[in-house]
Amino acid sequence: MYPLRRNRRLRTNEAVRSLVRETILSPNDFLVPLFVVEGKNIKEEIPSMPNYFRYSLDLLEKEVKELWSLGLKSVLLFVKVPDKLKDNKGKEAINPDGLMQRAIKRVKHACPEMLVMTDVALDPYSTYGHDGIVEHDQILNDETVEVLTEMSVSHAKAGANFVAPSDMMDGRILSIREALEDEGYINTGIMSYSAKYASAFYGPFRDALDSAPGFGDKKTYQMDYANRFEAIAETEMDIDEGADIVMVKPGLCYLDIVREIKNEVDVPVAVYQVSGEYAMVKAAAERGWLDHDAVMMEQLTAIKRAGANIIATYFAQDAVRLL
Ligand code: PBG
């Protein structure tokens, strides 16, 4: 009596395992989130994101050059806005000389071929820490879309290659696409956070940007994590409205959604492995409870296996150093 088939034969040694391996990570898979602050010579660690930093513009230049030398060719910019510049309307978000606009130019100056994507949402600019304009404790949709549209054009003007609306307002992709076309930015892409869930995994990010909501939560615009069909509907709508790349966020808890969307759509699918996912691995590894590198590679590979064409991750640098 022999086993009908010896599946273990293809696992005998690393050579054969690598020969039949289906999913291979490469530096081309990664999009690197970067946090930017005002000031000079600042590289400050984010307490809830060990070994991840906010950079002032001068050190941001150094950082993107380093990324480029590692083969990392795309960044996603976020800015930490000083309190005194926050309001309810996102006025600073459309300042042509705002931190984001200057950051885009600095990255392009330091590394002209680096693909620059920018976060488009009001939360870092909002006194309320919400992604949109607030009135009577409600997040206004259409008024917010107007600001996000201006903000996107302003990023394109500064030189962004892609804008990445992360706000989950309805109709923003169409409005942004039309404005970019009208203004002649026909090659500025849109990476839409199309299936973005109201998640508790964003905590450390909100520390990084000091952008936690001052009241309530984001459940009236971000999706209910119990829902699946809604993710497909949201994603298809964003594609119809003009999104070039769609995104599922967070990552690990949502890989069922990633696979489903990947099977459903014909544009590239990005996955954002978010701050809380990063923090969990770092914390467990610091205590010696998990093997950092092994867990990191397993998670990133799983995200790609699930169907991600692009992975936005705080582990990008750690990962490419191991590849
Ligand atoms: C802003 C934005 C958030 C993240 C990306 N863009 C926070 C939020 O929606 O509250 C989260 C990223 C992360 O946790 O790493 N709208």
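Parameters and conventions
- Residues numbered from 1 in each chain as written.
- Predicted model: local features only at pLDDT ≥ 70, side-chain atom pairs only at ≥ 80, totals over all residues.
- Helix = DSSP H or I, 4+ residues; strand = E, 2+ residues; numbered from the N terminus.
- Rg over C-alpha atoms; globule rule 2.2 N^0.38 Å.
- Contact = placed C-beta atoms within 7 Å.
- Buried ≥ 20, exposed ≤ 12 C-beta atoms within 10 Å, placed from the backbone.
- UniProt positions renumbered as here; feature names shortened; annotations may be inferred.
- Core = buried A, V, L, I, M, F, W, Y, C linked by C-beta atoms within 7 Å.
- Pairing = 2+ DSSP bridges.
- Near = placed C-beta within 6 Å.
- Nonpolar A, V, L, I, M, F, W, Y, C, P; charged D, E, K, R; others polar.
- Right-handed = clockwise from strand over helix to strand, strands pointing away.
- Axes fitted to C-alpha atoms, helices over the stretch in contact; angles between N-to-C directions.
- Parallel < 35°, antiparallel > 145°, perpendicular 65-115°, else oblique.
- Left-handed = near helix turned anticlockwise from the far one by under 90°.

Novice: I keep staring at the overall build of the protein and nothing clicks. Help me out?
Specialist: Helix and strand counts for the protein come out as 11 helices and 12 strands. Since a compact globule built from 323 residues should have a radius of gyration of about 20 Å, the 20 Å found for the protein is in line with a globular shape. Dimensions along the principal axes, computed over C-alpha positions, put the protein at roughly 75 × 45 × 40 Å. Here the analysis covers contacts within the protein between residues at least 6 apart in sequence; of these, 74% occur between residues at least 24 apart.

Novice: I'm lost on the environment of Met-280 in this one. Help?
Specialist: Its location among the elements puts Met-280 in helix H9 (residues 275–286). Among the residues examined, Met-280 registers 16 C-beta atoms within 10 Å and is labelled partly exposed. Measuring from C-alpha to C-alpha, the distance between Met-280 and Arg-54 comes to 19 Å, with 226 residues separating the pair along the chain.

Novice: How do you make sense of the UniProt feature "active site" (unreviewed entry) in the protein when you look at a structure like this?
Specialist: When the UniProt feature table is mapped to this numbering, "active site" (unreviewed entry) covers Lys-196 and Lys-249. On the basis of their most widely separated C-alpha atoms, the annotated residues across 54 residues gather in one place, lying no more than 4.9 Å apart. As for its position among the elements, Lys-196 is in strand E9 (residues 189–196). The residues touching Lys-196, leaving out its near neighbours within four places in the chain, are Ser-166, Met-168, Gln-222, Met-223 and Lys-249. Assignment of secondary structure puts Lys-249 in strand E10 (residues 245–249). What Lys-249 contacts, discounting residues up to four positions off in sequence, is Tyr-193, Lys-196, Tyr-197, Tyr-272 and Val-274.

Novice: Can you walk me through the nonpolar core in this structure?
Specialist: Inside soluble globular proteins, nonpolar side chains tend to come together where they are buried. Counting 95 residues, the largest nonpolar core has Leu-34, Val-36, Val-75, Leu-77, Ala-103 and Ala-270 as the members making the most contacts within it. Here Val-36 is in contact with Arg-54, Tyr-55, Leu-57, Leu-60, Leu-77, Phe-78, Val-79, Lys-80, Leu-99 and Ala-103, once residues within four sequence places are set aside.

Novice: Can you walk me through the pairing of strand E3 (residues 49–55) in this structure?
Specialist: When strand E1 (residues 30–36) meets E3, the two strands line up parallel, connected through 2 bridges. Considered in E3, the bridge of Phe-35 is made with Arg-54. Following strand E2 (residues 43–46), the chain reverses through 2 residues before pairing antiparallel with E3.

Novice: Mind showing me how you'd approach the site of the ligand here?
Specialist: Every residue near the ligand is listed here: Asp-119, Ala-121, Asp-123, Asp-131, Ser-166, Asp-167, Tyr-202, Phe-205, Arg-206, Lys-218, Val-274 and Ser-275. Here the residues of the shell around the ligand are counted per class, giving 4 nonpolar, 2 polar and 6 charged.

Novice: For this particular structure, what's the right way to read the pairing of strand E4 (residues 74–79)?
Specialist: Of all the 6 residues making up E4, 6 are buried; the element is thus mostly covered by neighbouring parts of the structure. For E4 and strand E5 (residues 115–120), the ladder comprises 4 bridges, and the chain directions are parallel. Residue pairing across strands places Leu-76 opposite Met-117, the latter belonging to E5. For the crossover from E4 across helix H3 (residues 99–110) to E5, the handedness is right-handed.

Novice: Sorry if this is basic, but what is going on with the packing of helix H2 (residues 57–69) against H3 here?
Specialist: When two helices pack together, their arrangement is captured by the angle between the axes and the distance separating the axes. It is at 9 Å that the axes of H2 and H3 come closest, and there the two elements cross at 45 degrees. Taken together, H2 and H3 sit at an angle that is classed as oblique. Regarding H2 and H3, the two cross each other, and that crossing is right-handed. Residues Leu-57, Leu-60, Glu-61, Val-64 and Lys-65 of H2 form the contact with H3, whose participating residues are Arg-102, Ala-103, Arg-106, Val-107 and Ala-110. The residue inventory of the contact of H2 with H3, partitioned by class, reads 6 nonpolar, no polar and 4 charged.

Novice: When you look at the UniProt feature "binding site: Mg(2+)" (unreviewed entry) in the protein in this model, what are you seeing that I'm missing?
Specialist: Following the UniProt record, one finds the feature "binding site: Mg(2+)" (unreviewed entry) at Glu-234. Considering the arrangement of structural elements, one finds Glu-234 in helix H7 (residues 229–241). Apart from the residues lying within four places of it in its own chain, the contact partners of Glu-234 are Ser-194, Ala-195 and Met-223.

Novice: Can you walk me through unusual backbone geometry in this structure?
Specialist: Glycine aside, the phi torsion of most residues is negative, and most peptide linkages are trans. Between Lys-249 and Pro-250 the backbone carries a cis peptide bond, its omega angle lying at -5 degrees. Relative to the helices and strands, Pro-250 resides in the loop between E10 and helix H8 (255–264). One non-glycine residue, Asn-41, lies in positive phi territory at about 55 degrees. Tracing the backbone through its elements, the reader meets Asn-41 in the loop between E1 and E2. Phi angles above zero are rare outside glycine, and His-136 is one such case at about 45 degrees.

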